[in-house]
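# Reading the structure
The primary structure of each chain is shown beneath.
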Amino acid sequence: MEVSSVPMLAASRFLPAPPPLAPPSCSRRNLPCVRAVPQTVEAPEAPNPPRSSPRRSAVAEVKASANPVAALTRFEDVLQTQDCNIILRHCGDARRWDDLSKVFEWMQEREMTNAASYSSYFKYLGLSRNPARVLQVRFDSSFKLYDEMIREGLTPDPFTYSTLLSGCMKFKQGYTKAMGLINELNSRGLQMDSVIYGTLLAICASHNYCEEAEVYFQKMKDEGHTPNLFHYSSLLNAYSENANHEKAELLMKDLRSSGLTPNEVILNTLLKVYSKGGLFEKAKELLSELEASGFAQDEMPYSILIDGLVKGGKIQEATMLFNEMKEKGVKSDGYAFSIMISALHRGGHRQESKQLAKEFEAENATYDLVLLQCKGLSPSIQNNRRYAYKGLSIERDGYAFSIMISALHRGGHRQESKQLAKEFEAENATYDLVMLNTSLRSYCSTNDMDSVMSLLKKMDDSNVSPDNITFNTLIRYSKRIVPKSLHEKALGILVSAGLLKDAYVIVKDNAELISPRSLEKFAKSFMASGNINLINDVMKALNHSGWRISQDIFGRAIERYIRKPDKKQLLLCLLDWMTGQGYSVDSSSRNLLLKNAHIFGQTQLIAEVLSKQQAASRTIGQRHKK
DNA sequence: GGCTGTAATT
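- As annotated in an unreviewed UniProt entry, chain A is PROP1-like PPR domain-containing protein from Eleusine coracana subsp. coracana.
- Taken directly from UniProt, the Sequence similarities (unreviewed entry) text for chain A runs: "Belongs to the PPR family. P subfamily."

In structure tokens, the structure reads:
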């Protein structure tokens, strides 16, 4: 594979005289470069090819071509890998995603890729206008590419890991994936640097791994990296998820004493901490500070506080702040509007919500797709349908389609909604889970059972497995229409996602349709980490299904109760109930209980209940023997 | 030459 003179590319920009050969390192990190070329053997690349060089003009021609692949093929013998990289980046910068992939494939076929090609391609795959779906697809393919890169014998460098890690931020499994990457990075003997730590902290924050973020922050310091504002803001953001304002304030102190000055991002993040924590007085004070320092010229700080107020049930105050923001002439791109529109709609203030939607519509010629999803907007859709259609036909984006299909459906335009769905299918587009879930929601909310059923069938046909969102939607809106075969699947997904309360709803209503194995798995998880107050209800539901609860499950419940002595009432209820149903605890749980009975302050009572239980089970046992 | 932080919707 051709990788020779890549490092020279940057240097070659410095005209006219090329400096002496740079040391063979990826300068910023002082780490060995990927597949570092033995510089002694390699002749330095000719300085910048003159303007008239065939390579240069070939690159220019390919860049300008409407069909880059054909053009590439014409210049196959002239172009080198780094030239192709320039073309690849050109397609990416121009957001010509199709061309981007085609050029990359072309390069792969000719083995004209190097680590930089992969990194660039990763980056552009990760870029998108915003639909989560597209991102997900590109994210997955980044990892496929990464595997391929390894297969082709290329060695990932810290930049490769950085790039892949940055893709982990937005995804559900991102944290796990990131940990895998970090392990690999370590096992290759590569060092984590400041940027990688920054990315990692951001991943922790966006996945609510607060303690892990703290550990990495410390580890990074221990390794001699001085935290910068990126690191501080990410850790602060991790604190904001749980609204941990004490820690946030300590961190701010630490930041200031390390000589850094909080910038706009830091202050906005701190505002998020206060806002999520319901510390509205502090938040307002901070907002004034932001205003005074000229950091409140866009709607972000207002949006943060408005959102906090809305979620704290203070819709009145939110409205006031929203109006204040408008009076100050702060321009809204739609964030603050969409928060207010959906808040008013949810709060039953339909009229005001619609009014606000109209206001936004009047000032902004077109709706953003995101705004279309705010439920108050359905009546206005017709006015904007053409725009949306146009947007769709340009982008061929299934996500946009699904939003429109749902919005039309919700607005009562059933025929048009179906028409659009047909159009989408006619374009050979395939449905993905986000789209199907979006449609499902709107069918459920309008009680359109026929559409729900055909959608579930579509889901099966297109081999898309339902996820917890699918099932939550189905559970919330229409328990009765869930096809029986799906219960088992639903339960499995919910249990492994840790959504035990939702799982319990399924078990409660459908336990008799679920296999003992799944019930057992659910029960184990629930006893370990489900809501302790529901444990007894879960036992009853399980028993009601006709499934015989194992002693192991009871044992787990008892262990759980022992860890929470203030729930002794529930424990006693459980033991009583067990006796009534002919269940008994096994000997090890029995001993455990007797040993710990004192922590409940009920030594006597517990011993009595247990012996009653034992006696009852003996009688039943004898009855069974006869 | 590719990498790090703040807001709404799904």
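## Here's the deal with the packing of helix α14 (residues 264-276) against helix α15 (residues 280-292)
- Interaxial distance between α14 and α15 falls to 8 Å at its minimum, and their mutual angle equals 160°. The orientation of α14 relative to α15 falls into the category roughly antiparallel. Pair α14 / α15 crosses with left-handed handedness. The residues of α15 that touch α14, namely those facing L267, N268, L270, L271, Y274 and S275, are F280, K282, A283, L286, L287 and L290.
- Across the contact of α14 with α15, the residue classes tally to nine nonpolar, two polar and one charged.

## Digging into the UniProt feature "repeat: PPR" (unreviewed entry) in chain A
- Look at the UniProt record and you will see "repeat: PPR" (unreviewed entry) annotated at residues 157-192, 193-227, 228-262, 263-297, 298-332 and 432-466.
- As annotated, residues 228-262 has a helix share of 74% and a strand share of 0%, and its two end C-alpha atoms lie 10 Å apart.
- Helix and strand shares over residues 298-332 are 71% and 0% respectively, and the end C-alpha atoms of the span are 7 Å apart.

## Description of the side chain of T470
- With respect to the helices, strands and loops of the structure, T470 is situated in helix α26 (residues 468-478).
- Looking at T470, its side chain comes within polar contact range of the side chain of N437, at 2.7 Å.
- Excluding residues that lie within four positions of it along the chain, T470 makes contacts with L433, N437, L440 and M459.

## Notes on helix α23 (residues 414-426)
- Over its 13 residues, α23 extends 18 Å from the first C-alpha to the last, a length consistent with the 18 Å expected when each residue adds 1.5 Å.
- If you check which residues of α23 are buried, you get S417, L420, A421 and F424. Taken end-on, α23 shows its buried residues confined to a sector of 100°, consistent with a single buried face. Exposed and facing more than 90 degrees away from the buried side of α23 are Q415, K422 and A426.

## Details of the packing of helix α8 (residues 158-167) against helix α9 (residues 174-187)
- At a minimum axis separation of 10 Å, α8 and α9 run at an interaxial angle of 170°. Here α8 is positioned roughly antiparallel relative to α9, judged by the angle of their axes. Every residue of α9 that contacts α8 at Y161, L164 and L165 is listed here: A178, L181, I182, E184 and L185.

## Here we look at the nonpolar core
- Grouped together as the largest cluster of nonpolar side chains are 97 residues, with contacts concentrated most on L72, L79, L165, L200, Y302, I306 and F322.
- With near-sequence residues (within four places) excluded, L200 lies in contact with L165, A178, M179, I182, M192 and Y216.
- The next biggest cluster of nonpolar side chains, apart from the first, holds 68 residues, and it includes A421, F522, I549 and A597.

## Section: the packing of aromatic side chains
- Under the criterion given, the structure shown has 11 aromatic pairs.
- With 5.2 Å between their ring centres and 90° between their planes, F322 and F337 make a pair best called edge-to-face. Here F322, found in helix α17 (residues 315-327), pairs with F337, found in helix α18 (residues 335-346); they are 15 residues apart in sequence, far enough to count as distant.
- Ring pairs connect the aromatic residues F104, Y118 and Y121, which therefore count as one cluster.
- The ring of F143 has K177 lying over it, and the distance from NZ or CZ to the ring centre is 4.3 Å.
- Positioned above the aromatic ring of Y583 is the side chain of R548, whose terminal nitrogen or guanidinium carbon lies 3.9 Å from the ring centre.

Cut-offs used in this document
For every chain, the first residue of the written sequence is number 1, and numbering continues from 1 onward in sequence order. Think of it this way: whatever chain is written first is A, whatever ligand is written first is 1, and the rest follow in order. Selection of residues for local features in this predicted model requires a pLDDT of at least 70, selection of side-chain atom pairs for listing and counting requires 80 or more, and totals for whole chains, interfaces and linings are taken over all residues. In computing side-chain values, all of the structure's heavy atoms are included and hydrogens and water are not. UniProt positions are given in the numbering used here, feature names are shortened, and annotations may be inferred rather than shown by experiment. Fitted lines through C-alpha atoms serve as axes, helices being fitted only where they are in contact, and the angles separating the N-to-C directions of these axes extend from 0 to 180 degrees. Helix and strand labels come from DSSP, where a helix needs a run of H or I of at least four residues and a strand needs a run of E of at least two; each type is numbered from the N terminus. Note that the term roughly parallel is reserved for angles under 35 degrees, roughly antiparallel for angles over 145, roughly perpendicular for angles of 65 to 115, and oblique for everything else. For any helix crossing, the convention is left-handed if the near helix is rotated counterclockwise from the far helix by under a right angle, and right-handed if that rotation is clockwise. In this analysis, two residues are considered to be in contact whenever any of their non-hydrogen atoms come within 4.5 Å of each other. Gly is placed with the polar residues, together with every amino acid not listed as nonpolar (Ala, Val, Leu, Ile, Met, Phe, Trp, Tyr, Cys and Pro) or charged (Asp, Glu, Lys and Arg). Two N or O atoms count as a polar contact when they lie within 3.5 Å, although within protein this holds only if one can serve as hydrogen donor and the other as acceptor, and sequence-adjacent residues are included solely when both atoms are side-chain atoms. The span one expects for a helix is its residue count, reduced by one, times 1.5 Å. Throughout, exposure labels follow a simple rule: accessible area from a 1.4 Å probe, protein chains only, divided by the maximum for the residue type, with under 20% read as buried, over 50% as exposed, and the rest as partly exposed. An arc is given here, and it is the one of the directions from the helix axis to the C-beta atoms. For our purposes a nonpolar core is just a set of buried Ala, Val, Leu, Ile, Met, Phe, Trp, Tyr and Cys residues, chained together by side-chain atoms within 4.5 Å. Under the pairing criterion, centres of Phe, Tyr and Trp rings, with the six-membered ring standing for Trp, must be within 6.5 Å; the plane angle then separates stacked pairs below 30 degrees from edge-to-face pairs above 60, leaving the rest tilted. To sit over a ring, a charge needs its Lys NZ or Arg CZ within 6 Å of the ring centre and within 35 degrees of the ring normal.

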